[in-house]
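Fold and geometry: a report
Spelled out, the chains give:
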Amino acid sequence: MPVLIAKIAVSAATYWIDRPYDYLIPEELGDKLRPGMRVYVPFSRGNRRCEGIVLAVTDGSKLENLKPVLALLDEAPVLTEEQIHLALFMRERFFCTVYDAVKTILPAGLWFQTDGKRRVQDKTVEMAKLAVPGDEAADTADRIRHRAAQQANLLDMLCSFEALPVKDLLLHCGAGRPSLKALCTRGLVELYRREVYRRPQLPPEELTALPTLNGEQARAFAGLSELSKAGKAGAALLQGVTGSGKTSVYIHLIDEQLSLGKSAILLVPEIALTPQMLQTFSSHFGDEVAVLHSSLSVGERYDEWKRVKSGRAHLVIGTRSAVFAPVEKLGLIIIDEEQEETYRSENAPRYHARDVAKYRCAKANCLLLLASATPELQSRYQAEIGRYAYFRLETRYNAQELPQVRLVDMKEELRAGNGGCISNFLAEELQKNLDAGEQSILFLNRRGANKLISCGDCGFTYRCPRCSVSLTYHSVNRRLMCHYCGYSRRVDESCPSCGGKLKYVGAGTQLVVEELEKRFPGREILRMDSDSVAPVGSHEELFERFRKENIPFLVGTQMVTKGLNFENVTLVGVLSADQSLYAGDYRAGERTFSMITQVVGRSGRGSKPGRAVIQTFTPANETIQQAARQDYDAFYASELLLRKLQNTPPFSDLLAVTLSGTEEEQVQQAGRFVRETLEQLLGRDQVLLLGPAPLGVLRVNNRYRYRIHIHCRANAAIRAGISQAVIACCTDKRFRGVSVFAENDPPNM
């Protein structure tokens, strides 16, 4: 009989020793152990007991004296063969361990705690059903009614239903458990446990007909439908102005896939958008819909995952991690607002949902649809050169014009004596909306009250003792806070350095609310930022209040910029259009254009015309002018030319190696070592290396951060060279304590 060997990815293996390890499968586990199951194995010289995931089972190994698998953790595989290959792909593409990838693919409820128990158990309810035919039960109830009324009532109730939860049965019959136990003893009733799913609360919806498509939408749907039915992998870009009805196209495409017996995944960029999407799609597809995002409880997320895996739900709606949903017969993945940074993970594995979606669609021979009013430049370029199919919606679904936009020069406001964050013109427009009973959204992408507090006499500013940033003032609790590490302290009455008067500089959402309260006393104002929506589901409650109670003002950060549809919102104010424009990132212009365009598009989505006010200190800036005109084509042409001059994506790939540690000199030395190693491994002709250079915020939580940028045409050999350089640094004793990782197209940090 051949010796069976399991190739296992071990959880304790760090990146530089990560590989499949061979383990001997004991005879008693030979018939049970299969790829995709988790096991306990001994690891390292001390034979420390740790988790592993079985990647494959083979008949032999070139190695001798193999350690045995200790125990099985799963009764059935938790990963399919496709998901195992996905984890291996993620290791090579995103510079992570296989186990990091596996933990990202699987829900948190499946993982085990230190005591060996799973984090979340399956939820069951006790059920009761008749153990005899209904006629016999009814006759028995009639015979015993005079001496055992409660038992008779229980039998009568069970005669009307196939099965009932014991708790509900006893409550409706007014009976006690002894009466039910007596029926079980007599063999008349049988008790058993049935699994139930913990599901997020959904408003009851009657199924409605699919929305009617206008001419543009119908043409886009026809083209996309043809691609999705082709039976081969493909990608398409759907670009539509804000309010053009892209969601209606999604609904028809998904309906078509479900009718063919296939499944679909719809990704949205923000948790705040999920309830709105969920309500819309549930009204058309009912229980076919499952939702996956981080605001669900661990139990809810685990049970939604089980519904998808078991085939009870064929449409998954969620944020970034929903791209890993274990759907059967994948037919379509849609990424809504595909340009958003939230699709990029900032923790290992540092993946982009679009890259994972491309891989899954390629393996399933199905369509990936990217959609946005302001597509990412790389996506638009891929459409231009023919790699993506391209469809466009030029007009709003309700035939309304795009909002009229007015630029306000804030330098003129300062000269006129207005040092607040709301210009006089915007204040007048807000008053007009109040008088008309219409609603307004004000956007400022900074939470808190003030960016910093400084002394006008000596120039002192409060800085975080652990990070290279100023502390932000929060007026709600009168505390200064660091938005990087969470450090906070109370503000002094006067300058702690010279005793001078403190000045409050820069504005955040809290200060905007305070200024609105002064300008419009007695009017209710909602604020939406990460400080105000911390509780689970509170963003949904805020949106519902804004909609149903017709609250005049909603002030928010980027949470209010996309995907929201409020028919009575006719005015949008962008309070600081320059804020993200000079961020020192090659994507700063693109991010600013997209953010302004998206938030302006929240206005005038109903029957009333919309308008917008953009406040800026640089009204002549080309990007701001283009955003005010909603002119994506002009922005794309000018930005593409700039990218070509910079040799940044889409004209080259950008990868990075980031280093951090508590000793700055050691981090710098490690950075120079990594650069020299990259030069030796990759050669100077293939790549352009920049750095190591400090990140925009050098120190975060007492760790200094440096980065090396790599401009190249990425391929497997390039990634392998970068991986070798990272491993060489991690295993060099001189750099012990320095954290090193590589990633694709890194975010500005």
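Everything in this summary refers to the structure shown in the same document. (Residues numbered from 1 in each chain as written. Predicted model: local features only at pLDDT ≥ 70, side-chain atom pairs only at ≥ 80, totals over all residues. Heavy atoms only, no water.)

Here we take up the packing of helix α4 (residues 149–160) against helix α5 (residues 166–173). Direction vectors running N to C along α4 and α5 enclose 120 degrees, while the axes themselves pass 10 Å from each other. Here α4 is positioned oblique relative to α5, judged by the angle of their axes. The crossing of α4 and α5 is right-handed. Of the residues in α5, those touching α4 at Asn153, Leu154, Met157 and Leu158 are Leu169, Leu170, His172 and Cys173. Of the residues assigned to the contact of α4 with α5, the class counts are 6 nonpolar, 2 polar and no charged. (Axes fitted to C-alpha atoms, helices over the stretch in contact; angles between N-to-C directions. Helix = DSSP H or I, 4+ residues; strand = E, 2+ residues; numbered from the N terminus. Parallel < 35°, antiparallel > 145°, perpendicular 65-115°, else oblique. Left-handed = near helix turned anticlockwise from the far one by under 90°. Contact = heavy atoms within 4.5 Å. Nonpolar A, V, L, I, M, F, W, Y, C, P; charged D, E, K, R; others polar.)

Once that is clear, we can look at the environment of Gln151. Looking at the secondary structure, you find Gln151 in helix α4. Separated by 24 residues in the primary sequence, Gln151 and Ala175 have C-alpha atoms spaced 7.6 Å apart. Residues contacting Gln151, with those up to four places away along its chain left out, are Ile144, Ser179, Ala182, Leu183 and Arg186.

Going through the model one piece at a time under the given rule, you end up with 19 aromatic pairs. Plain terms: the ring middles of Phe89 and Phe94 are 6.0 Å apart, the flat faces sit at 85 degrees to each other, and that makes the pair edge-to-face. The exposure class assigned to Phe94 is buried, which follows from its relative accessible area of 2%. Chaining the aromatic ring pairs together yields one cluster made of Phe89, Phe94, Phe324, Tyr351 and Tyr359. In this arrangement the basic side chain of Arg380 is found over the ring face of Tyr636, its NZ or CZ atom lying 5.0 Å from the centre. The ring of Phe425 carries Arg406 above its face, with NZ or CZ at 4.1 Å from the centroid. (Phe/Tyr/Trp six-rings, centres within 6.5 Å; stacked < 30°, edge-to-face > 60°. Buried < 20%, exposed > 50% of the residue type's maximum accessible area, 1.4 Å probe, protein only. Lys NZ or Arg CZ within 6 Å of the ring centre and 35° of its normal.)

Taken together, 3 strands build an open sheet; the order of strands is β7-β6-β8 and the sheet is antiparallel. Two strands close off the open sheet at either side, each with one partner strand: β7 (164–165) and β8 (189–195). As judged from the 7 bridges shared by strand β6 (residues 124–130) and β8, these two strands associate in the antiparallel manner. Residue pairing across strands places Met127 opposite Tyr192, the latter belonging to β8. (Pairing = 2+ DSSP bridges.)

With that settled, consider the pattern of salt bridges. Evaluation of the coordinates by the stated rule reveals 44 salt bridges. The residue Asp633 makes a salt bridge to Arg392 at a minimum N-O spacing of 3.1 Å. Of this pair, Asp633 sits in helix α19 (residues 632–646) while Arg392 sits in strand β15 (residues 389–393); the two residues are 241 residues apart in sequence, bridging distant segments of the chain. Between Glu515 and Arg519 there is a salt bridge, and its shortest N-O distance comes to 3.4 Å. In this pair, Glu515 and Arg519 both sit in helix α15 (residues 509–519), 4 residues apart, roughly one turn of the helix. By relative accessible area, which is 14% here, Glu515 ends up buried. Given a relative accessible area of 31%, Arg519 falls into the partly exposed group. Where salt bridges share partners, they join Glu341, Arg344, Asp585, Arg587, Arg591 and Asp745 into one cluster. (Salt bridge = Lys/Arg side-chain N within 4 Å of Asp/Glu carboxyl O.)

How two helices sit against one another is set out by the angle between their axes and by the gap between those axes. Where helix α12 (residues 377–384) meets α19, the closest approach of the two axes is 11 Å, and the angle between their N-to-C directions is 95 degrees. When the interaxial angle is binned, α12 and α19 end up roughly perpendicular. Each of Leu377, Gln378, Arg380, Tyr381 and Glu384 in α12 lies in contact with α19, whose residues at this interface are Tyr632, Tyr636, Glu639, Leu640 and Arg643.

Below, the discussion takes up helix α9 (residues 274–285). Helix length check: α9, at 12 residues, gives a terminal C-alpha distance of 15 Å against a target of 16 Å (1.5 Å per residue), a fit within 8%. Most of α9 is tucked away, with 9 of its 12 residues classed as buried. Residues of α9 that are buried: Thr274, Pro275, Met277, Leu278, Phe281, Ser282, Ser283, His284 and Phe285. Directly after α9, the chain includes Gly286, whose backbone phi takes a positive value near 55 degrees. (Expected span 1.5 Å × (residues − 1).)

Looking now at the sheet that holds strand β25 (residues 569–574). One open sheet holds the 6 strands; their spatial order is β16-β26-β25-β17-β24-β23, and the pairing between them is parallel. Every other strand in the sheet has two partners, leaving β16 (404–409) and β23 (525–528) as the edge strands with one partner each. Taken pair by pair, the neighbouring strands of this sheet meet at an average axis angle of 15 degrees, ignoring direction. Sheet topology places strand β17 (residues 439–443) next to β25; 5 bridges connect them, and they run parallel. If you follow Phe443 over to β25, its bridge partner there is Val574. Across the sheet, helix α14 (residues 424–436) lies against β16, β17, β24 (553–556), β25 and β26 (611–616), angled at about 155 degrees from β26, the strand it touches most. Here helix α17 (residues 588–600) sits on the sheet and contacts β16, β17, β25 and β26; the angle it forms with β25, its principal contact strand, is near 155 degrees.

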